[in-house]
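Observations on the three-dimensional arrangement
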Amino acid sequence: METHEINKRFISYFERSGHTPVPSASLILDDPTLLFVNAGMVQFKPYFLGEVPPPYPRATSIQKCVRTGDIDEVGKTTRHNTFFQMAGNFSFGDYFKEGAISRAWELITSSADEGGFGFDPERIWATVYEHDAETAGLWRKVTGIPSERIQYRGAEDNYWDMGVPGPGGPCSEIYYDRGPEFGRDGGPAVDEDRYLEIWNLVFMQDIRGEVSPKKGAPVLGELPKKNIDTGMGVERVAYLLQGVDNVYETDLVRPVIARAEEFSGRRYGADHVDDVRFRVIADHARSGVMLIGDGVTPGNEARGYVLRRLLRRIVRSVRLLGVHEPVLTEFAAVVRDAMAPSYPEIARDFDRISEVMRVEEEAFLTTLTSGVRIFDLAAEETKRSGGDILAGDKAFQLHDTYGFPIDLTLEMAEEQGLSVDEDGFRTLMEEQRQRAKADAASRKQGRGDLSVYREMLERHGETDFLGYTDLQSTSKVIGLLVDGAPARSAGAGTKAELVLDRTPFYAESGGQVADTGILVGSGVELKVLDVQKVVPGLFVHRVEVLAGEVGIDTEVTASVDGTRRAAIARSHSATHLVHAAVRGAYGRRAAQAGSLNSPGRMRFDFTTPGSVSAGVLTEVEEEVNDYLQTDAEVQTYVTTKDKALELGAVALFGEKYGNDVRVVDMGEYSRELCGGTHVGRIGELGLVKLVSDASIGSGVHRVEALVGTDALRHVRKEQLLVSQLAGTFKVPADQLPARIEDVLTRLRNAEKEIDQLRTQQVLGSAGSLADKAADVGGVALVAERLEGDVDAGAVRALATEVRNRLGSRPGVVALFAPQGEKVSFVVATTAAARDKGLAAGKLVPAFAPAVGGRGGGKPDMAQGGGSDPSGIDRAIAALRDAVARE
Ligand code: SER
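Residues numbered from 1 in each chain as written. Predicted model: local features only at pLDDT ≥ 70, side-chain atom pairs only at ≥ 80, totals over all residues. Heavy atoms only, no water.

If you check an unreviewed UniProt entry, the chain appears there as Alanine--tRNA ligase from Amycolatopsis pigmentata. As stated in UniProt under Catalytic activity (unreviewed entry), the record for the chain gives "tRNA(Ala) + L-alanine + ATP = L-alanyl-tRNA(Ala) + AMP + diphosphate". Per UniProt, the comment on the chain under Sequence similarities (unreviewed entry) is "Belongs to the class-II aminoacyl-tRNA synthetase family." (UniProt positions renumbered as here; feature names shortened; annotations may be inferred.)

And the structure:
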């Protein structure tokens, strides 16, 4: 049964049973907690949480999903895809456990003629959550499966949540037994390869907090209703029904393997190692196309990085199959032909998708070439200094700067007879990961429990926003929270959250920062610091009580800081104009990727496959400023989404719009869907000055501009700076660049010279060190502490030099270089010493603990570091003992 047919049957089965078919959401939904949509339920999350009333009680969908957590498993197991389709049925407070079980059972076990999938009921197993006897009972009652084929499992396996705070619940999974030739008896609890999970039924009923119940944490509370969320793995069902060996050989994936066979002249199925490469290519090519289709472009952060990694792994695998030409767009075309029947946008947008791939592949191939050069230099240097271990920081640099996966570095090193200090590499990677994690954590401000806000919304309805026309209103306090909990009142000095029945304050959204201002009532004064729509439609003001006491029902005059708001409006209008000019320059291929509109300053990110030249940005700036002189009127109106798109309004990727949308026009020049506040006429902007532009990951460009008086101030400041520099360097302003270049060149040369002198100086001590060799049981031992600041590279070079001077004698050289609180060391052995069984790498553990450290390496050279320089003498003694023992 073809995959498209499986999808069709799934949807029509559930449609017949009262479910509304809902199209797949984009892979990049506007949910800051998720990198990619990774389950069918993601687009329904607000319905489960009760933030938005569901428009239908039951729904069904085939959702595009990306999960890259197991990327290293791809191609090695039978079942790991980075892109896959999840077929699901959802009930929002309608049917619950029994309804989910009976429907899933009917669909999978009824025969193909009856519209089902025709799985043999005798081969189906079910798992249930450890405390959930009710569900086990339902399985027996509804399907007749005997108890032996129903297994209880713990929270780790049978509790599901999104991996972040939000909805969750116990689940029950359906497995298919592929037969004894695929593994051990004993059900899914024993072997998940023989027993393949095909469908997960989640009983969505809990609100999960910071820590998952999977890890034993208690839930925060119950969802407003009991819901059903299921996910059937379409690729897995396809692979079982198509009688192939794994998900990569199914009808929608296998064609890419065929294309790769043609390119490489190698045959799939002939060699296990090659097969993994074929499968990686097929899997990643599909994920790449689908991600780019939904607006992701390769970059160095977050989504862009994942995409880049996928594409690079394809290029790498292809090279390992012996192909050196660019191939990505060819694979993309095969993916398009396979996927377009279900996802026509892939065909429609194919030119752009294939262009992004072409550019990325070209860039990587260039990188690969320069990376190989860096690698060769590093390898040469390693050998010259007598070592055979490529330093961890080199491997890391190759990875970080040139995108070399470690396995590529390992393989290239092996070809040169070198090994790689993998421990060092991993330590640096781990440090980088920790930095990235700390960043992500500080960005995420997740609120676990939104129920108080939801209650307010239910009780009072959405906040009436007056700020498009008014900057002042008379309003009433209808909700008050102190430290996140409802409060009756709040006195002077308290920070609180406050909801008004109506407000002129703009809540942060669409890149526009929130308004600030004051609230004044009889005897009470509050400062508004921030405004957020914590749940859609509810404006929550973060305030500080300056005087008096505020309580529920207090009447206040709410006043927005008008000067600040006007500056924000100028920025936001400028963003629209810059957007329009960028699209004028690059056409549809340029898409807005984010923006920030703050007082007097705007930031605009856009994606474009090629590079962006300074010349184009100057033109953008000129065009925008020229257009300001028309002083066009800014008009806003509400219309239907379809009508707006028909009028050519620009909408954003991944953004969710309701049916009624607000359109902002600036003459004929710009038309966008936008909820922000703008100027009345564009002449108010005065001047738009681009102050910086930078690439933030390939394909994503960022321009920043100052608007109005802020622009003028900026120009003045730059002028001052230039004249100060001209004074310091004592040349006229127009000669500054040449003068600075000159000074820098001289500085660089001087630094190089100092480095060389240092190394010479260090190497100069080789002779006297070799002379200090002591005879330890017939072995010449040089074990010394180096004085002064000697870096690790120089220590290695010196050790090699001293060893050379020991000539054909059995000799061991160990040098310790203290640097502040740390110490680095190198051990080298001569060939004659190695013949006696003295291996540098093996000597390290004998003395390294004395300096609080560790290290390792090969028989002829090893290195490491420690944290206790005061132990050097003890280390030397320990080494001497170790040498004597041999
Ligand atoms: N959300 C559940 C899963 O991803 C079921 O759809 O497994």
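The next subject is the overall build of the chain. Looking only at helices and strands, the chain has 26 helices and 35 strands in total. The principal-axis extents of the C-alpha atoms in the chain amount to approximately 90 × 85 × 60 Å. Going through the 886 residues of the chain one by one, you find that 52% of them count as buried. Counted over contacts in the chain with a minimum sequence separation of 6, partners at least 24 positions apart contribute 68%. For the chain, the accessible area works out to roughly 39,700 Å², and carbon and sulfur atoms hold 49% of it. Treating the 103 positive side-chain charges of the chain as one cloud and the 131 negative ones as another, the clouds have centres 2 Å apart. (Helix = DSSP H or I, 4+ residues; strand = E, 2+ residues; numbered from the N terminus. Buried < 20%, exposed > 50% of the residue type's maximum accessible area, 1.4 Å probe, protein only. Contact = heavy atoms within 4.5 Å. Areas by Shrake-Rupley, 256 points an atom, 1.4 Å probe, with all protein chains shown as cover. Lys, Arg positive; Asp, Glu negative; His and termini not counted. Charge placed at Lys NZ, Arg CZ, Asp CG, Glu CD.)

So, on to the site of the ligand. In the region of the ligand, the neighbouring residues are A39, M41, R67, M86, W160, N200, V202, D229, T230 and G231. Within the backbone of T230, one N or O atom sits 3.2 Å away from an oxygen atom of the ligand. Contacts to the ligand include G231, whose backbone N or O atom sits 3.0 Å from an oxygen atom. Contact with the protein chains hides 95% of the accessible area of the ligand, taken as 230 Å² for the molecule alone. Of all the secondary-structure elements, those providing two or more residues to the shell around the ligand are strand 8 (195–208) and strand 9 (221–233). When its residues are assigned to classes, the shell around the ligand shows 5 nonpolar, 3 polar and 2 charged. (Near = heavy atom within 4 Å. Polar contact = N/O pair within 3.5 Å; in protein donor to acceptor, adjacent residues only side chain to side chain. Nonpolar A, V, L, I, M, F, W, Y, C, P; charged D, E, K, R; others polar.)

Here we come to the side chain of T830. Inspection of the secondary structure assignment puts T830 in the loop between strand 33 (822–829) and helix 24 (831–835). Exposure remark for T830: the relative accessible area of 3% places this residue in the buried category. From its side chain, T830 meets the backbone nitrogen of G811 in a polar contact 2.8 Å long. Here T830 is in contact with R803, L806, G807, R809, P810 and G811, once residues within four sequence places are set aside.

Let us now look at the nonpolar core. In summary, soluble globular proteins display a tendency toward joint burial of nonpolar side chains. Core analysis: the biggest nonpolar cluster contains 109 residues, and F119, W139, I174, W199, L201, M232 and F331 have the highest contact counts within it. A581, M602, V664 and I682 belong to the second-largest nonpolar core, a separate cluster that totals 31 residues. (Core = buried A, V, L, I, M, F, W, Y, C linked by side-chain atoms within 4.5 Å.)

Here the focus is the sheet that holds strand 24 (residues 601–607). The antiparallel open sheet is built from 4 strands, whose spatial order is 23-24-29-28. This sheet does not close on itself; its edge strands, each paired only once, are strand 23 (591–598) and strand 28 (688–695). Between one strand axis and the next, the sheet turns by 15° as a mean value, whatever way the strands run. Of the pairings in the sheet, the one linking strand 23 to strand 24 comprises 7 bridges and is antiparallel in character. Of the residues in strand 24, the one forming a bridge with G594 is D605. Packing against the sheet, helix 17 (residues 562–586) makes contact with strand 23, strand 24, strand 28 and strand 29 (700–707), and its axis sits at approximately 30° to strand 24. With respect to the sheet, helix 18 (residues 614–628) is in contact with strand 28 and strand 29, its orientation differing from that of strand 28 by roughly 155°. (Pairing = 2+ DSSP bridges. Axes fitted to C-alpha atoms, helices over the stretch in contact; angles between N-to-C directions.)

Residues given the UniProt feature "binding site: Zn(2+)" (unreviewed entry) here are H572, H576, C674 and H678. Their sequence span is 107 residues, while the largest C-alpha to C-alpha distance among them is just 10.1 Å; these annotated residues converge on one region. By secondary structure assignment, the location of H572 is in helix 17. For H572, a relative accessible area of 4% corresponds to the buried category. If we ignore the near neighbours within four places in the chain, the residues touching H572 are G510, Q512, N597, C674, G676, T677 and H678. There is a polar contact of 2.8 Å between the side chain of H572 and the side chain of Q512. In this structure, C674 sits in the loop between strand 27 (670–673) and strand 28. Among residues more than four places away in sequence, those in contact with C674 are H572, H576, R662 and V664.

Here we take up the layout of surface pockets. Roughly 1,600 Å³ of volume is contained in the second largest pocket. No other element matches helix 23 (residues 792–806), which puts 9 residues into the lining of the second largest pocket. Residues that form the lining of the second largest pocket fall into these classes: 16 nonpolar, 19 polar and 14 charged. (1 Å grid on protein atoms, 1.4 Å probe; cavity = no way out; pocket = protein on both sides within 12 Å on 5 of 7 lines; lining within 4 Å. Points joined across faces, edges and corners; volume = space filled by probe spheres on them.)

Let us now look at helix 7 (residues 254–264). A turn of α-helix holds 3.6 residues, and therefore any two residues three or four places apart point the same way. Along helix 7, the residues that are buried comprise V256, I257, A260, E261 and S264. For helix 7, the angular spread of buried residues about the axis comes to 150°, placing them on one side. Packing partners of the buried residues in helix 7 comprise helix 8 (272–293) and helix 10 (328–339). G265 sits one or two positions beyond helix 7 and adopts a positive phi of about 70°. (Arc of directions from axis to C-beta.)

Mapping G764 onto the fold places it in helix 21 (residues 736–764). Remark: the alpha-carbon pair of G764 and K533, spanning 231 residues in sequence, is separated by 69 Å.

Here we take up the sheet that holds strand 26 (residues 660–666). Strand order in the open sheet formed by 3 strands is 25-26-27, and the pairing between neighbours is antiparallel. The open sheet has two free edges, formed respectively by strand 25 (634–640) and strand 27, since each of these has just one partner strand. Averaged over all pairs of adjacent strands, the angle between strand axes in this sheet comes to 25°, irrespective of strand direction. In this sheet, strand 26 lies alongside strand 25 in antiparallel orientation, the contact comprising 7 bridges. Considered in strand 26, the bridge of V638 is made with R662.

Moving on to empty space enclosed by the protein. Over the atoms rolls a probe the size of a water molecule, and in doing so it shows where empty space is left. Within the structure shown, the criterion is met by 2 cavities of 30 Å³ or more. The space that makes up the second largest cavity amounts to roughly 30 Å³. Taken together, V315, V318, R319, V323, H324, E325, V327, E361 and L365 make up the lining of the second largest cavity. Among the elements that make up the lining of the second largest cavity, the one with the highest residue count is helix 9 (residues 302–320) (3 residues). Among the residues making up the lining of the second largest cavity, the classes are represented as 5 nonpolar, 1 polar and 3 charged.

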